[in-house]
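Chain residues, written in single-letter form:
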Amino acid sequence: MTVKVPPLKCQGIKTKLVFWIKDHAILEKDGTWIEPFMGSGVVGFNVRPNRAIFSDVNPHIINFYNAIKSGEIDSSIAREYLEKEGALLQRKGEDHYYEVRERFNKKNSPLDMLFLNRACFNGVMRFNRKGEFNVPFGHKPERFAKAYITKIANQIKYITQALSQYDWKFVCSDFKTTIASASPSDFIYCDPPYAGRHVDYFNSWSEENEQELYGLLKVTPAKFILSTWHSNQYRKNEALEKYSSQFTVLTREHFYHVGASEKNRNPMLEAIVLNYNPMIPVKMDSEKQLALFENFKEGYVVLSSPRK
Ligand SMILES: C[S@@+](CC[C@H](N)C(=O)[O-])C[C@H]1O[C@@H](n2cnc3c(N)ncnc32)[C@H](O)[C@@H]1O
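Scope of this entry: the structure provided in the associated data block. All chains use their own residue numbering, which begins from 1 and follows the written sequence. Local features in this predicted model are restricted to residues of pLDDT 70 or higher, and side-chain atom pairs are both shown and tallied only at a pLDDT of 80 or more, whereas totals for entire chains, interfaces and linings draw on every residue. Excluding hydrogens and water, the side-chain values take into account all heavy atoms of the structure.

Turning our eyes to something else, we now look at the overall build of the protein chain. Helix and strand counts for the protein chain come out as 11 helices and nine strands. The long-range share in the protein chain, meaning contacts at least 24 apart out of those at least 6 apart in sequence, stands at 67%. Carbon and sulfur atoms form 50% of the exposed surface of the protein chain, whose accessible area is close to 16,000 Å². Only DSSP runs of H or I reaching four residues or more are called helices, and only runs of E reaching two or more are called strands; each is numbered from the N terminus. Whether two residues are in contact is decided by their heavy atoms: any pair within 4.5 Å suffices. Each accessible area is a Shrake-Rupley result for a 1.4 Å probe, and residues are judged covered by the shown protein chains and nothing else.

Shown next, in the form of structure tokens:
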């Protein structure tokens, strides 16, 4: 199975961790998937829950998905728009990118957000103190080739189809309100910004925020997974040590590439924090083995009963 990549990208996108997170999430049939820091939405969009609240403090992400939901944007509208803007980019070069950026900062059009996100340096979203998108141009003027536009149009089609099938809401909100709305049958997936990194208008994250987040997760009646980093060769995540003692912490090594050389592979231990005992994927060879596990379900076992 491959991960469905969403139309908007953002820094800290969890494409590589989707299946790890999905495999450990336990969503009850009638529960709502709650994602207070949706960013690109890649995790929830691949989990495909029947009901979801995707939330973020960045209004441009939320406007974009609400525009798909209302039909203001669909795959053919996006295709037509990208063909037009892509041709202008090819003709005028990076000046056109900066014209769109200026236009976006005045009018906040969700299609312009898509263009900037896909043409800017590193495919990130960064906003200055006035809340203006400020990432420089990062590609060749021929960026929007036919195949690339088709790829983006298909990513939009995936969302349009999912929205016709499932009850997904997109809400611009601070994480505190979103988490506080969860009930016992819901599942919260949290992926906050990492403190001290990617600091910008919608992405600042302080020690106080971290403390508030863990405080809310401690008392939520819902199950949750929080993804964060555990350690790298230089340091440990002190907040994780400080706040996670009552939770289950699972780790997994992930390599971040810095430059092309093998020796620049920086290993980072990723962590997920859970308030229940996780399901562990297992292969069962026989009925006899299967009988050993009370909770065997579709290739998974719960190692012990969930804590309450
Ligand atoms: C690390 S990114 C999430 C990445 C996402 N899981 C993905 O795979 O694309 C963190 C997100 O949190 C949002 N954010 C930052 N502070 C927030 C806050 N106080 N409340 C809600 N969202 C916030 C940012 O706008 C950003 O989109």
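Attention now goes to the site of the ligand. Whether a residue is near a molecule or strand is decided by its heavy atoms; if any one of them lies within 4 Å of it, the residue is near. Lining the immediate surroundings of the ligand are 22 residues, of which Lys14, Ser40, Asp56, Asp174 and Asp191 lie closest. By the criterion applied in these results, polar contacts are pairs of N or O atoms within 3.5 Å in which, for protein atoms, one can donate a hydrogen and the other can accept it, and in which residues neighboring in sequence qualify only through two side-chain atoms. Contact between the ligand and Ser40: an oxygen atom at 2.6 Å from a side-chain N or O atom of the residue. The contact in question runs from an oxygen atom of the ligand to an N or O atom on the backbone of Phe202, over 3.3 Å. The protein chains hide 94% of the 610 Å² of surface that the ligand would expose on its own.

Throughout, nonpolar core names a set of buried Ala, Val, Leu, Ile, Met, Phe, Trp, Tyr and Cys residues whose side chains join them through atoms within 4.5 Å. The rule is simple: take the accessible area with a 1.4 Å probe, protein chains only, and divide by the maximum for that residue type; under 20% is buried, over 50% is exposed, in between is partly exposed. In this structure, Tyr65 and Tyr97 are the most contacted members of the largest nonpolar core, which totals 62 residues. Tallying contributions element by element places helix α7 (residues 146–165) first for this core, with eight residues. Once you skip the residues sitting within four places of it in the chain, Tyr97 turns out to touch Leu89, Phe115, Leu116, Ala119, Cys120, Phe133, Val135, Pro136 and Phe137. The next biggest cluster of nonpolar side chains, apart from the first, holds 20 residues, and it includes Phe37, Phe175, Tyr243 and Ala271.

Let us look at the pairing of strand β5 (residues 223–232). The element β5 is extensively covered by neighbouring structure, given that eight of its 10 residues are classed as buried. Following DSSP output, two strands are said to pair if at least two bridges run between them. Across four bridges, the pairing between strand β4 (residues 187–190) and β5 is parallel. The partner of Tyr189 across the bridge, within β5, is Ile225.

Moving on, we get to the pattern of salt bridges. When the charged atoms of two side chains with opposite charge come close together, those side chains can pair. Within this document, salt bridges are pairs made up of a side-chain nitrogen of Lys or Arg and a carboxyl oxygen of Asp or Glu, the two lying within 4 Å of each other. Counting across every chain of the model gives 12 salt bridges. Lys84 is the salt-bridge partner of Glu85, the closest N and O atoms lying 3.6 Å from each other. When its relative accessible area of 1% is taken as the criterion, Glu85 is described as buried. A relative accessible area of 54% places Lys84 in the exposed class. Across the pair Lys236 and Glu241 runs a salt bridge, and its minimum N-O distance is 3.5 Å. Residues joined in a network through salt bridges with shared partners are Lys84, Glu85, Arg103 and Asp112.

You can see Ser70 is positioned in helix α3 (residues 59–70). Among the polar contacts made by the side chain of Ser70, one reaches the main-chain carbonyl oxygen of Ala67 at a distance of 3.2 Å.

This paragraph deals with unusual backbone geometry. One non-glycine residue, Arg48, lies in positive phi territory at about 55°. The class for Arg48 is partly exposed, based on a relative accessible area of 28%. Positioned with a positive phi, Asn122 is a non-glycine residue whose angle comes to about 65°. Tracing the backbone through its elements, the reader meets Asn122 in the loop between α6 (110–119) and α7. What makes Asn122 exposed here is its relative accessible area of 59%.

Note on aromatic contacts: the rings of Phe and Tyr and the six-membered ring of Trp form a pair at centre separations within 6.5 Å, being stacked when their planes are under 30 degrees apart, edge-to-face when over 60 apart, and tilted otherwise. Evaluated as defined, the whole model comprises 24 aromatic pairs. Ring geometry for Phe224 versus Phe247: centroids 5.1 Å apart, planes at 80°, classification edge-to-face. Of this pair, Phe224 sits in strand β5 while Phe247 sits in the loop between α10 (238–243) and β6 (248–257); the two residues are 23 residues apart in sequence, bridging distant segments of the chain. For Phe247, a relative accessible area of 8% puts it in the buried group. Taken together, the ring pairs connect Phe45, Phe54, Phe64, Tyr65, Tyr166, Trp168 and Phe170 into an aromatic cluster.

Distances and angles like these do not, on their own, reveal function.
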